[in-house]
Each structure stands twice: as structure tokens, then as C-alpha cells.
Amino acid sequence: MATQLAAGDALMIIDMQNDFLPGGSLEVPGANALIPVLNRYIACFQTYRLPVIATRDWHPPDHCSFIEQGGPWSPHCVAGSAGAAFHADLALPADTHIVSKATARDTEAYSGFSGTGLQESLQSLQIQRIFVGGVATEYCVRNTVTDALRLGYAVIVLQDAIQAINRQPGDSRQALDDMIAHGATLTQFQAFAA
Ligand code: VGL
Ligand code: ZN
């Protein structure tokens, strides 16, 4: 059955930044295929004049998650760099709510809710249900989704608009199972817009 969008719904796009896309410093394999799909979801939310929220990883140059500091990741999404910019083909509306996260040197933050004021923004927008797409499934998508569920939001994961890194095979499936166990539901564009 098609999803009926209504007041209180928002689209949340996680970290569709150049460094996470093919050619970037922390490439999520195949993530560029999400762009046209996300653009179709964006168009739907714009038709209904519903908010679009875009999170971005926005690290200082010496962030603790980088290998040089003993973290697991090659440097990526340094605040203000070209790699931290949203992909140019992602059709973000001019009034997109941008949420910058993991901005403090000594703190890793995979969730869009972590130290960002996102919850307060959602409250002032009177959002109750969040549709989530973007990268990476098992890190920032997963942590944002489970936080949203714990905070009492209904969460629908856009299964055709997420992509995992899969450092270990099965990470993607495990993350999906975890989000579902926390109460997330899944949809894809065909069902969403039917
Ligand atoms: C992410 C790894 C490191 C993500 C961010 O956006 O999922 N993953 N920093
Ligand atoms: Zn990061």
C-alpha cells in the first residue's frame, strides 16, 4: 500500500557527502546509485511541502576517528572541505535543514541526534515520523534511526536509498535487523509512491 505523506512527516538524508561517494576518501561502494532515488523522494516531500533534513559529517582536521589519531577511518568530511560538501547532483531544496555532526575533536558521533540540537529542530517543526535514507547503513543511518526510535519518533527506512560500507560481510543485514528490532519499518520507492 502506498505511503500517504502528511503533516508531521520529514525526510532525513544522512551524510550524502563527496567523501562517502565513489572517488571520496571514505567511499561507500555504490553510494552514487542512491542519488537519483533520493532525488525522487525529495520531489515527493517538496510536493507536500514537508521538511527535508540533511545531516553531514563535519569533522575538525584532527578528529579522533581518523587513523592518525588512532581511530578507524581515513580522514574524511573535514568541515568546509570539498569532500565534506553534499554531492552536487543531490537536489536538496534551498530550505533544507542542515545538521552538522561530529564537530568536536575528541568525540565520535554517528547519530544525527548526538550533540546537534536535531531533536529540538524536529520538535519545533512538529515532526512525528521520519523517512531516512543515505549512508552509511551500519554507522550513521543505524545510529540516527535507533536514536529517533528511542526518542519516540516513527521511523521508516528507505531500503532503496541506503548503502552500507560492509567492512565485515553481513554488516548491512545486521544493521537492518537492529533497526527493525528497535521498531523501524522499511519501504522502497515503488511501494512508497504507488
Ligand atoms: C560515517 C564512518 C565515519 C557515516 C561517518 O556517515 O556513516 N561512517 N564517519
Ligand atoms: Zn566521520
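Here goes a summary of the coordinates provided. The structure presented is a predicted model; accordingly, all values stated were derived computationally and were not measured.

**Concerning the pattern of salt bridges**
Under the defined criterion, the tally for this structure stands at eight salt bridges. Two residues, arginine 129 and aspartate 9, come together in a salt bridge whose shortest N-O distance is 2.8 Å. Residue arginine 129 is found in strand S4 (residues 129-135), and its partner aspartate 9 is found in strand S1 (residues 9-14); the two are separated by 120 residues along the sequence. For arginine 129, a relative accessible area of 22% translates into the label partly exposed. Ionic pairing is found between aspartate 106 and arginine 105, a salt bridge with its closest N-O pair at 3.1 Å. Under the relative-accessibility criterion, arginine 105 is labelled partly exposed at 45%. Ionic contacts of the salt-bridge type, sharing partners, join the residues Asp15, Asp57 and Lys101 into one network.

**Remarks on the sheet that holds strand S6 (residues 185-187)**
The sheet built from six strands is open, its strands ordered S3-S2-S1-S4-S5-S6 with parallel pairing. Two strands bound the open sheet, and with one partner strand each, they are strand S3 (97-101) and S6. Taking each pair of neighbouring strands and ignoring which way they run, the sheet shows an average axis angle of 25°.

Calculation notes
Residues numbered from 1 in each chain as written. Chains lettered and ligands numbered in written order. Predicted model: local features only at pLDDT ≥ 70, side-chain atom pairs only at ≥ 80, totals over all residues. Heavy atoms only, no water. Salt bridge = Lys/Arg side-chain N within 4 Å of Asp/Glu carboxyl O. Helix = DSSP H or I, 4+ residues; strand = E, 2+ residues; numbered from the N terminus. Buried < 20%, exposed > 50% of the residue type's maximum accessible area, 1.4 Å probe, protein only. Pairing = 2+ DSSP bridges. Axes fitted to C-alpha atoms, helices over the stretch in contact; angles between N-to-C directions.

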